[in-house]
Amino acid sequence: MTIKKLIALGISATMVAGMAVTPVFAEEDPAAQFDGLTANEAYEFPMMVKSFQSTYWQAAVKGMEMAAEELGVTFKAQGPNSESDIADQVNMINTAIAAGPVGLGLAACDTSSVLEALQTCADKGIPVVTFDTGVADAPEGSVVAEVCTDNAQAGSVAAENMYAAIKDVVANAEGQVIIGEINQDATALNIQQRGGGFINKMIELLQADGKTVAVAGNEFYVNAATTADATEADADVVIQVAVPAQTTVELCSTEAQAILSKENCIAIFGSNQTAAEGVLAANSNLNVLGSDAAAGDVIGVGFDAGSIIKAAVQDGTFLGAVTQSPLMMGYYAIYALTAAANGAEVSDVPTAGYWYDATNMEDETIAPNLYD
Amino acid sequence: MTKKRKSVLSDQRFIVLLVVIALTAIFSVMSKEFRQYNTLLSLLDFSYYDLLMAIGVTFPLITAGVDLSIGTGMVCYALIGGSLIRNYGCPVIIAMLVCVLLGVVIGTLNGVLIGVMNLPPFLATLCSCMITRGIGSLFSATPWPGLTQEGGWFHSIYKLTIGSGRSADRYPIGFLWMVLLVLLMEFVLNHTKFGRYTIAIGSNKEAAALSGINVKFYHVMVYVVCGLFVGLAATAYAAVTPTVQPGTGAGLEMDAIGGVFVGGVAASGGYGSVLGTFVGIYVIMLLKTGLPYIGLQANWQQIITGIVLIVAVLIDILKEKKGAH
């Protein structure tokens with residue numbers, strides 16, 4: 001019965017986290033809609049993941065397995081070789097739809113490429129539950145629920161924790177200071193929301209303390225930051241946003257290095273695993289990151305997990321990082337699909353992002369989400 | 001078969017070297033952050049795998065062939081090596097040898113498909129590109145040991161770190177090995193049977209066969225040598241990439257192949273030099289590293305790199321035309 005215990009633990013963890021541990025959302029538990037849910041039939045759901053390449057997706061599949069066992073349903077997880085194999089994934093989706101499933105789970109590699117497939121689902125009455133990545137302009141009647149990290153909130157959690165560490169440095173700064181942000185792209189909705197969530201929260205916190213802020217660098221993020229109130233030349237704080245030409249650690253690292261080597265750079269945020277590892281790669285030569293801002297350390301904050309980022313958080317190179325819960329996303333995706341296949345109304349299930357640092361990495365509420 | 005060059009000034013390698021110097025000067029003037037030792041260190045760190053791939057692919061390119069599998073191959077070998085270390089407790093040295101061996105195996109496969117079975121190089125290596133990419137994505141993301149972890153000694157091959165943390169001194173000794181390898185392969189290209197036959201195959205394969213050269217054998221060897229260097233590149237890649245991600249690597253070959261063309265390998269085959277490749281790669285690396293320092297956004301970086309490539313190939317074609325008259 002260890003699995004049941006784990007699940008119970010997981011669910012209570014989410015609830016506890018929702019109330020106590022740096023709440024990412026403070027609404028009532030959206031998982032309550034699944035109380036007492038049983039499957040009317042032994043459904044089988046095709047679950048489209050973005051790939052199997054990272055342990056992130058392996059954790060999501062594990063969550064699906066847990067839910068499937070509880071509900072007595074089955075699923076078939078499928079995904080292309082890499083997250084950029086958009087056409088492969090679309091083919092897989094079309095094949096799955098052709099078989100007429102009772103429901104479809106979808107984490108779209110590219111949100112605009114799946115619109116046609118979603119229209120087919122709507123026409124055929126196949127309920128779709130999107131997980132990890134929502135499809136903002138999905139055709140009416142196709143997507144019944146989204147199970148996603150609230151990325152804007154998750155980004156703001158990173159900003160809040162970073163700001164607590166650099167507050168005094170910002171207050172005592174003599175000239176302009178720079179806060180860096182590395183986003184692996186400016187096209188994926190989750191990265192856009194996360195990057196934007198960080199920027200908006202940081203601006204809000206800085207302005208509350210009487211500082212003027214400008215956002216510079218990548219055009220998308222500069223245009224999205226409507227609350228910035230100064231120009232790059234005369235702002236107290238500049239949030240410098242960089243996006244590499246390709247989503248490789250190498251290019252993220254080069255961008256991070258260009259920002260980190262500025263003398264007045266005081267903090268940097270890498271908004272996903274690749275970007276955060278790029279920041280760490282840049283730091284391997286520069287050695288400016290640390291957890292004591294007053295002593296001149298540049299404060300680094302990461303996102304997601306993986307052994308490299310976990311080690312950096314553990315040894316204080318990173319102040320901390322925000323992790324999503326792929327396990328719970330997979331878990332609730334199966335629950336939402338089962339409810340939808342039963343014919344019930346389902347609403348979105350936003351899952352939490354948690355702040356973790358060297359002090360709470362081993363906590364029961366955090367550790368299960370820290371995949372390698 | 002090497003063409004006689006009139007003077008050092010008309011040698012593309014010299015022109016490219018001037019470009020390297022000019023780019024360094026421009027970036028240094030425009031950004032004071034660029035003028036730091038750490039910037040040079042990082043540039044060199046990330047240049048080794050590009051350069052090793054480029055040295056390897058210089059040989060197929062001289063035969064008017066190509067090897068598209070170098071990027072995905074390199075990542076695939078690094079993943080397999082990493083998972084041997086992480087999941088099977090394999091010593092790092094064995095993992096490195098496995099990388100090189102896998103490179104040679106895929107190189108041989110490419111060579112046999114192209115040299116013996118006469119598949120077009122583009123097609124044959126496109127297939128091995130897909131195969132290595134697919135095999136690579138069977139593995140999960142694997143970090144090789146970090147510098148301070150057990151087995152982290154292999155980082156010292158490329159960068160010697162004395163001391164730890166902020167007081168550490170770092171020396172890019174990998175650059176020395178690269179210079180030695182470049183000189184060795186330049187010698188191999190110009191002064192050994194293998195090198196001369198490589199050029200002969202690129203100039204005129206039929207004539208080479210008629211003159212009694214075992215064209216099949218040497219054509220296979222060209223790809224084996226390329227594979228060997230890709231295997232070496234995998235170890236350099238593992239040393240600088242925190243977590244090697246499965247399914248990646250496509251596109252990395254373009255930096256290497258681009259660098260070789262900037263360095264003056266004839267686009268139609270039959271001429272090239274490893275020294276040219278060496279300077280060509282550093283043009284690509286300088287653009288990749290320097291442009292973010294002067295605040296240019298990613299899309300502009302790609303546009304500028306593309307333009308530089310066009311100019312380099314145009315210079316080559318114009319010179320060839322001039323030579324023909």
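Computed from a predicted structure; not experimentally measured.

A.B. asks: Would you mind going over the interface of chain B and chain A with me for this structure?
C.D. replies: In many reports, interface size means the accessible area that the parts give up when they come together. Contacts between the two partners involve 33 residues from chain B and, on the opposite side, 33 residues from chain A. Breaking the side of chain B that touches chain A down by element, the ones donating at least two residues are helix 2 (37–62), helix 5 (121–136), helix 12 (274–293) and helix 13 (298–324) of chain B. The leading source of residues in the side of chain B that touches chain A is helix 2 of chain B, at five residues. Tallied by class, the residues present in the side of chain B that touches chain A amount to ten nonpolar, 18 polar and five charged.

A.B. asks: Teacher, can you tell me more about the environment of Y293 of chain B here?
C.D. replies: Examined against the element boundaries, Y293 of chain B turns out to sit in helix 12. Residue Y293 of chain B is classed as buried on the basis of its C-beta count, with 24 C-beta atoms lying within 10 Å. Along the primary structure Y293 of chain B and E206 of chain B are separated by 87 residues, whereas in three dimensions their C-alpha atoms are 50 Å apart. If we skip the residues at most four places from it in the chain, Y293 of chain B touches A258 of chain A together with F27, S31, E33 and F34 of chain B.

A.B. asks: Sorry if this is basic, but what is going on with the sheet that holds strand 12 (residues 354–356) of chain A here?
C.D. replies: Backbone hydrogen bonds are what pair the strands of a sheet, in a parallel or an antiparallel way. Residue and element names in this part refer to chain A. The seven strands lie next to each other as 7-8-6-9-10-11-12, forming an open sheet whose pairing is mixed. Since the sheet does not close on itself, it has two edges, and those belong to strand 7 (213–217) and strand 12, each with one partner. Strand after strand, the sheet turns through a mean of 20° between neighbouring axes, direction not considered. Pairing geometry for strand 6 (residues 177–182) and strand 9 (residues 265–270), over five bridges, is parallel. Residue pairing in the sheet places I179 in a bridge with A267 of strand 9. Each of strand 6, strand 8 (237–242), strand 9, strand 10 (299–303), strand 11 (320–323) and strand 12 is contacted by helix 5 (residues 151–172), which is oriented at about 175° to strand 10, the strand it contacts most.

A.B. asks: Can you help me understand the nonpolar core in this one?
C.D. replies: Within soluble globular proteins, side chains that are nonpolar generally end up buried alongside one another. Ranked by internal contacts, the top residues of the largest apolar core, which has 226 residues, are M162, A333, I334 and A336 of chain A together with M53, M74 and A233 of chain B. Contact partners of M162 of chain A, with chain neighbours within four places excluded, come to A267, F269, I299, V301 and L319 of chain A.

A.B. asks: I keep staring at the pairing of strand 9 of chain A and nothing clicks. Help me out?
C.D. replies: Strand residues, when the strand is regular, have side chains that alternate between the two faces of the sheet. Residues and elements named next belong to chain A. Across the six residues that make up strand 9, a large majority, six, are buried. Both strand 9 and strand 10 contribute to a ladder of three bridges, which runs parallel. Among the inter-strand pairings, I268 is bridged to a residue of strand 10, identified as G300. The β-α-β motif built from strand 9, the intervening helix 9 (residues 273–286) and the parallel element strand 10 has right-handed crossover chirality.

A.B. asks: I keep staring at the pairing of strand 8 of chain A and nothing clicks. Help me out?
C.D. replies: All names here are of chain A. Burial within strand 8 is extensive, with six of its six residues counted as buried. Side-chain alternation along strand 8 places V237, I239 and V241 on one buried face and V238, Q240 and A242 on a second face that is also buried. Direction of pairing for strand 6 relative to strand 8: parallel, over a ladder of six bridges. Its bridge partner lying in strand 8, I178 is registered against V238. For strand 7 and strand 8, the ladder comprises five bridges, and the chain directions are parallel. From the neighbouring strand, A216 faces strand 8, where its bridge partner is Q240.

A.B. asks: Can you help me understand the sheet that holds strand 3 (residues 104–106) of chain A in this one?
C.D. replies: All names here are of chain A. Strand order in this open sheet of five strands is 2-1-3-4-5, and the pairing throughout is parallel. The outermost strands of the open sheet, each flanked by one partner alone, are strand 2 (74–78) and strand 5 (143–147). On average, each strand axis in the sheet is tilted by 20° relative to the strand beside it, whichever way the strands run. Relative to strand 2, strand 1 (residues 44–48) is paired through five bridges, and the arrangement is parallel. Each bridged residue has a counterpart across the sheet, and for P46 the counterpart in strand 2 is K76. Where helix 3 (residues 86–98) meets the sheet, it contacts strand 1, strand 2 and strand 3, and its direction lies at approximately 170° from that of strand 1.

A.B. asks: In this structure, what is going on with the confidence of the model for chain A? I would like to understand it.
C.D. replies: Detailed conclusions should not be drawn from predicted coordinates in areas where pLDDT is low. Here chain A averages 88 in pLDDT, and 92% of its residues register 70 or above. Predicted confidence is poor over residues 14–27 of chain A, with pLDDT under 50, and the contacts of this stretch with residues over four places away or in other chains come to 29 contacts.

A.B. asks: Just checking my understanding: could you explain helix 10 (residues 215–240) of chain B for this structure?
C.D. replies: Helical geometry: 3.6 residues make up each α-helical turn, so side chains three or four residues apart lie on a common side. Here helix 10 of chain B spans 38 Å end to end across 26 residues, near enough to the 38 Å set by a 1.5 Å rise per residue. For helix 10 of chain B, a buried count of 22 out of 26 residues is recorded, marking the element as mostly surrounded by other parts of the structure.

A.B. asks: What am I meant to see in helix 9 of chain A here?
C.D. replies: Counted at 1.5 Å a residue, the expected span for helix 9 of chain A with its 14 residues is 20 Å, and the 20 Å between its end C-alpha atoms agrees. Counting buried residues in helix 9 of chain A gives 13 out of 14 residues, a clear majority hidden from the surface.

A.B. asks: Sorry if this is basic, but what is going on with unusual backbone geometry here?
C.D. replies: Both trends apply: most residues other than glycine have a negative phi, and most peptide bonds are in trans. Here D132 of chain A, not a glycine, exhibits a phi torsion of approximately 70°, which is positive. With respect to the helices and strands, D132 of chain A occurs in the loop between strand 4 (128–131) and strand 5. With a phi close to 65°, A64 of chain B is a non-glycine residue in the positive phi region. The residue A64 of chain B is located in the loop between helix 2 and helix 3 (70–88) in this model. Residue class for A64 of chain B comes out partly exposed when judged on the 18 C-beta atoms lying within 10 Å of it.

So, how was this worked out
Residues numbered from 1 in each chain as written. Chains lettered and ligands numbered in written order. Predicted model: local features only at pLDDT ≥ 70, side-chain atom pairs only at ≥ 80, totals over all residues. Contact = placed C-beta atoms within 7 Å. Helix = DSSP H or I, 4+ residues; strand = E, 2+ residues; numbered from the N terminus. Nonpolar A, V, L, I, M, F, W, Y, C, P; charged D, E, K, R; others polar. Buried ≥ 20, exposed ≤ 12 C-beta atoms within 10 Å, placed from the backbone. Pairing = 2+ DSSP bridges. Axes fitted to C-alpha atoms, helices over the stretch in contact; angles between N-to-C directions. Core = buried A, V, L, I, M, F, W, Y, C linked by C-beta atoms within 7 Å. Right-handed = clockwise from strand over helix to strand, strands pointing away. pLDDT = per-residue confidence, 0-100. Expected span 1.5 Å × (residues − 1).

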